[in-house]
Amino acid sequence: MFTAAFDTRLKVIVSNCGFTRFHKYYSGKLKGWTSARYMPLINDRYENNPDKVPFDFPEIIAAFAPRPFLASSPTGDSNFEVSGVRDAISSAKPIYRLLGHEEHLQANYPECAHDFPPEVREVAYRFIDQHLKK
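A short tour of the structure in this document, coming up. (Residues numbered from 1 in each chain as written. Predicted model: local features only at pLDDT ≥ 70, side-chain atom pairs only at ≥ 80, totals over all residues. Heavy atoms only, no water.)

**What about the overall build of the protein?**
What counts, and what does not: Secondary structure elements follow DSSP: runs of H or I no shorter than four residues count as helices, runs of E no shorter than two count as strands, and numbering proceeds from the N terminus. Our radius of gyration is a C-alpha quantity, and the globule rule it is checked against amounts to 2.2 Å times the number of residues to the power 0.38. A 1.4 Å probe rolled over the protein chains alone gives each residue an accessible area, and that area as a share of the maximum for its type sets the label: buried under 20%, exposed over 50%, partly exposed in between. Note on contacts: a residue pair qualifies if any of its non-hydrogen atoms lie within 4.5 Å across the two residues.
Broken down by element type, the protein carries five helices and three strands. When the helices and strands of the protein are placed in sequence order, the string is α-β-α-α-β-α-β-α. Whereas a compact globule of 134 residues would reach a radius of gyration of roughly 14 Å, the protein reaches 15 Å, a difference of no more than 12%. For the protein, the spread of C-alpha atoms along the principal axes amounts to about 45 × 30 × 25 Å. Evaluated residue by residue, the protein yields a buried proportion of 42% over its 134 residues. Across the protein, every contact between residues at least 6 apart in sequence was considered, and the portion connecting residues at least 24 apart equals 70%.

Laid out in structure tokens, this is it:
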């Protein structure tokens with residue numbers, strides 16, 4: 001997702017078990033996002049406090065617009081609270097609407113845990129295929 005926010009060569013974006021609103025990530029305990037391979041500044045500069053982080057996932061998703069984005073968020077994902085994904089999608093929807101491509105912002109909420117089983121992958125593959133063939 002972070003690459004897609006800055007690199008418009010990515011024409012279609014899919015995230016599976018990849019995010020939730022910072023306040024809903026383990027009830028706002030952001031330590032899991034702070035390793036060197038993710039976002040160490042969340043710890044170093046923003047003290048793992050979601051109120052201090054100057055962005056959240058609605059802004060990241062809005063940065064994709066109008067490119068197609070599918071969020072696959074399993075309802076039983078213990079890492080990424082599904083309600084935070086729903087919030088982020090809902091918050092980014094007006095940007096897609098403003099740009100005339102509300103249908104490019106999609107979400108899939110499969111009944112499974114933190115996983116990417118074959119049937120969920122098929123939804124992602126169809127989404128990618130649909131938009132790359134245009």
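**With respect to the side chain of Asn 48**
The condition is simple: Counted as a polar contact is a pair of N or O atoms within 3.5 Å, where, for protein atoms, one must be capable of donating a hydrogen and the other of accepting one, and residues adjacent in sequence contribute only when both atoms are in side chains.
Inspection of the secondary structure assignment puts Asn 48 in the loop between α2 (41–44) and α3 (57–64). Here Asn 43 takes part through its side chain, which lies 2.9 Å from a polar atom of the side chain of Asn 48. Other than its neighbours up to four places away in sequence, Asn 48 contacts Gly 28, Leu 30, Lys 31, Thr 34, Ile 42 and Asn 43.

**With respect to helix α4 (residues 82–98)**
What counts, and what does not: Multiplying 1.5 Å by the residue count of a helix minus one yields the expected span of that helix.
An ideal rise of 1.5 Å per residue puts 24 Å on 17 residues; α4 measures up with 25 Å between its terminal C-alpha atoms. Trailing α4 by a residue or two, Gly 100 shows a phi angle of about 80 degrees, which is positive.

**Regarding the pattern of salt bridges**
Two side chains of opposite charge can pair, provided their charged atoms sit close to one another. We apply this condition: The working definition used for a salt bridge is a side-chain nitrogen of Lys or Arg within 4 Å of a carboxyl oxygen of Asp or Glu.
Using the criterion set out here, one finds six salt bridges in the structure. A salt bridge links Lys 52 to Glu 47, with the shortest nitrogen-to-oxygen separation between them at 2.2 Å. On the basis of relative accessibility, which here comes to 53%, the residue Glu 47 falls in the exposed class.

**A short note on the pairing of strand β3 (residues 105–108)**
Note the threshold: If DSSP finds at least two bridges between two strands, the strands pair. We call a crossover right-handed when, viewed with the strands running away from us, the connection from the first strand over the helix to the second turns clockwise.
Where strand β2 (residues 69–72) lies against β3, four bridges are found, and the strand directions are parallel. Note on β3: the bridge partner recorded for Ala 71 is Ala 107. Taken together, β2, α4 and β3 form a β-α-β motif whose crossover is right-handed.

**Regarding a nonpolar patch on the surface**
Our working definition: Patch members must show over 30% relative accessible area and no salt bridge, and they are joined within 9 Å when carrying like charges or within 5 Å when they are nonpolar side chains of Val, Leu, Ile, Met, Phe, Trp or Tyr. Here the accessible surface of atoms and residues is derived via Shrake-Rupley with a 1.4 Å probe, and residues count as covered only by protein chains that are part of the display.
A surface patch of nonpolar side chains, about 290 Å² in accessible area, is lined by Ile 95, Leu 98 and Leu 99. The residue Leu 98 is located in helix α4 in this model.

**Re the state of the cysteines**
To keep things clear, this is the line we draw: Criterion for a disulfide: a pair of cysteine sulfur atoms within 2.5 Å.
Following the criterion strictly, the structure yields zero disulfides and no others. Free of any disulfide, Cys 17 has its nearest cysteine sulfur in Cys 112, 6.5 Å distant. When its relative accessible area of 9% is taken as the criterion, Cys 17 is described as buried.

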